Amino acid sequence: MYSPLEDALTIADKTFTSRLLIGSAQYPNNQVMLDAIAASGSQIVTVAIRRVDLAGGGETVLDLLEGDYHILPNTAGCFTAKDALLTAELAREALETNWIKLEVIGDRETLYPDAEHLLTAAAEMVRRGFIVLPYCTDDPITCRKLADLGCAAVMPLGSPIGSGMGILNPYNIEIIRAENDIPVIIDAGIGTASDAAFAMELGCDGVLLASAVSRAHDPVRMATAMRHGVEGGRHAFRAGRIPRKRHAEASSPQKGVIGT
Amino acid sequence: MSKIRINGEKKSLSVATVDDLLRAEAIDPAARFVAVAVNGVVIPRGHWNRHQVQDGDDIEIVRPAPGG
């Protein structure tokens, strides 16, 4: 009998029964966010670090999520290793966690990672004691370098952030999975549940998504779909798919057909 | 009066410590999930009441926000 504990996801020193990681941004309102995150079954929720609005206070996203989830701050929006490092340090101070989703982007149009700054930041963050989960390109060489630096996972994009284009280079993802011992988590590009299932069928250890749920017409229902997509894909991967063939192979017995 | 930058905005404030600065900006220094960096270095919360704000300081005050 399948038990989630028997197939848990371990990142660094923490174990999770859910393989879906989810963002907290762009929901229609806080209640929909909370309901969708709950429906997703996710245990890890990402947040950003932003300047305090000097004009107004109010509760933070942490006041809503604290205690129920493992919070993963990100360095989203940073263009340099220097800014990413300071953001990570600020996150560590504000949230009392040494976990960081490292993002260093190269431009606003593609939001593609800047590999040079990413590797520099990852090396320094590991040195400073962070648990580093880098958002990176689906490039086996960059992923291998990030793993060698001591990152706790690699998180290659399926396609550009927010594009909903799914996984554009599944062959690279399979190579990345095969070449590294640390968890491989698809981060970015997921559009719908079948994308999440496909990521898991490729052997990925988890899926991180945000706008596919928060910007869906019904975020709570899509969160449910993603949960099942990830679980279905994971089961399929572990079950082992049948080989692809060019010709049909009947599943009903060939013997005893009437009229023969 | 110190001429400083707070979250990218130039300001002239008469404050001695980071604690004073937060109060001057209507941020409760006891508020949770707030972090402060001065000139690119995080000032731990425990030092806010003694870390002196200097003329020309570049100060970042942050907290968590929804993110992906």
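Before reading on, note that the structure itself is shown above.
Residues numbered from 1 in each chain as written. Chains lettered and ligands numbered in written order. Predicted model: local features only at pLDDT ≥ 70, side-chain atom pairs only at ≥ 80, totals over all residues. Heavy atoms only, no water.

### Remarks on the pattern of salt bridges
Residues and elements named next belong to chain A. Considering all chains together, one arrives at 21 salt bridges over all chains under this definition. With a shortest N-O distance of 3.3 Å, R19 and D7 are connected by a salt bridge. Here D7 lies in the segment before β1 (9-11) and R19 lies in the loop between β2 (14-16) and β3 (20-23), a separation of 12 residues in the sequence. Exposure class is identical for R19 and D7. Each is buried. Shared partners join several salt bridges into a network, and the residues in it are E6, D7, R19, R234 and R238. (Salt bridge = Lys/Arg side-chain N within 4 Å of Asp/Glu carboxyl O. Helix = DSSP H or I, 4+ residues; strand = E, 2+ residues; numbered from the N terminus. Buried < 20%, exposed > 50% of the residue type's maximum accessible area, 1.4 Å probe, protein only.)

### A look at the interface of chain B and chain A
If you look at the interface, chain B gives 28 residues, while chain A gives 29 residues. With both chains or domains summed, chain B and chain A bury close to 2,400 Å², and 63% of this area falls on carbon and sulfur atoms. The largest contributions to the chain B side of the interface with chain A come from F33, R63 and G68 of chain B, which together make up 29% of the buried area. Joining chain B to chain A, the criterion identifies 2 salt bridges. Its salt-bridge partner being E60 of chain B, residue R51 of chain A comes within 2.7 Å of it at the nearest N-O pair. Between the two partners, chain B and chain A, sit 14 residue pairs in polar contact (both at pLDDT 80 or more). (Contact = heavy atoms within 4.5 Å. Buried area = accessible area lost by both parts, 1.4 Å probe. Polar contact = N/O pair within 3.5 Å; in protein donor to acceptor, adjacent residues only side chain to side chain.)

### Digging into the packing of aromatic side chains
Residue and element names in this part refer to chain A. For the structure on display, the rule yields 1 aromatic pair over all chains. Ring centres 6.2 Å apart and planes at 80° place the aromatic pair F16 and W99 in the edge-to-face group. Highlighted residues: F16 in strand β2 and W99 in strand β6 (residues 99-102), separated in sequence by 83 residues. We note that F16, like W99, is buried. Sitting over the face of the ring of F130, R92 holds its NZ or CZ atom 3.8 Å from the ring centroid. (Phe/Tyr/Trp six-rings, centres within 6.5 Å; stacked < 30°, edge-to-face > 60°. Lys NZ or Arg CZ within 6 Å of the ring centre and 35° of its normal.)

### Things to note about the sheet that holds strand β7 (residues 131-136) of chain A
Read from one edge to the other, the open sheet built from 3 strands follows the order β6-β7-β8 (chain A), with strand pairing classed as parallel. Looking at the sheet topology across the chains shown, the edges are occupied by β6 and β8 (155-156) of chain A. (Pairing = 2+ DSSP bridges.)

### A few points about helix α5 (residues 140-149) of chain A
Residue and element names in this part refer to chain A. P140, T142, C143 and L146 are the residues of α5 that are buried. The arc that holds the buried residues of α5, viewed along the axis, is 165°, so those residues lie on one side. Of the residues flanking the end of α5, it is G150, one or two places downstream, whose phi is positive at about 105°. (Arc of directions from axis to C-beta.)

### A word on the packing of α5 of chain A against helix α6 (residues 170-179) of chain A
All names here are of chain A. Their axes nearest at 9 Å, the elements α5 and α6 cross at an angle of 25°. In terms of orientation, α5 lies roughly parallel with respect to α6. Where α5 crosses over α6, the handedness of that crossing is right-handed. Mapping the contact onto sequence places P140, C143 and R144 in α5 and N172, I175, I176 and E179 in α6. Each residue belonging to the contact of α5 with α6 can be placed in one class, and the counts come to 4 nonpolar, 1 polar and 2 charged. (Axes fitted to C-alpha atoms, helices over the stretch in contact; angles between N-to-C directions. Parallel < 35°, antiparallel > 145°, perpendicular 65-115°, else oblique. Left-handed = near helix turned anticlockwise from the far one by under 90°. Nonpolar A, V, L, I, M, F, W, Y, C, P; charged D, E, K, R; others polar.)

By themselves, these are just geometric observations and shouldn't be taken as functional.
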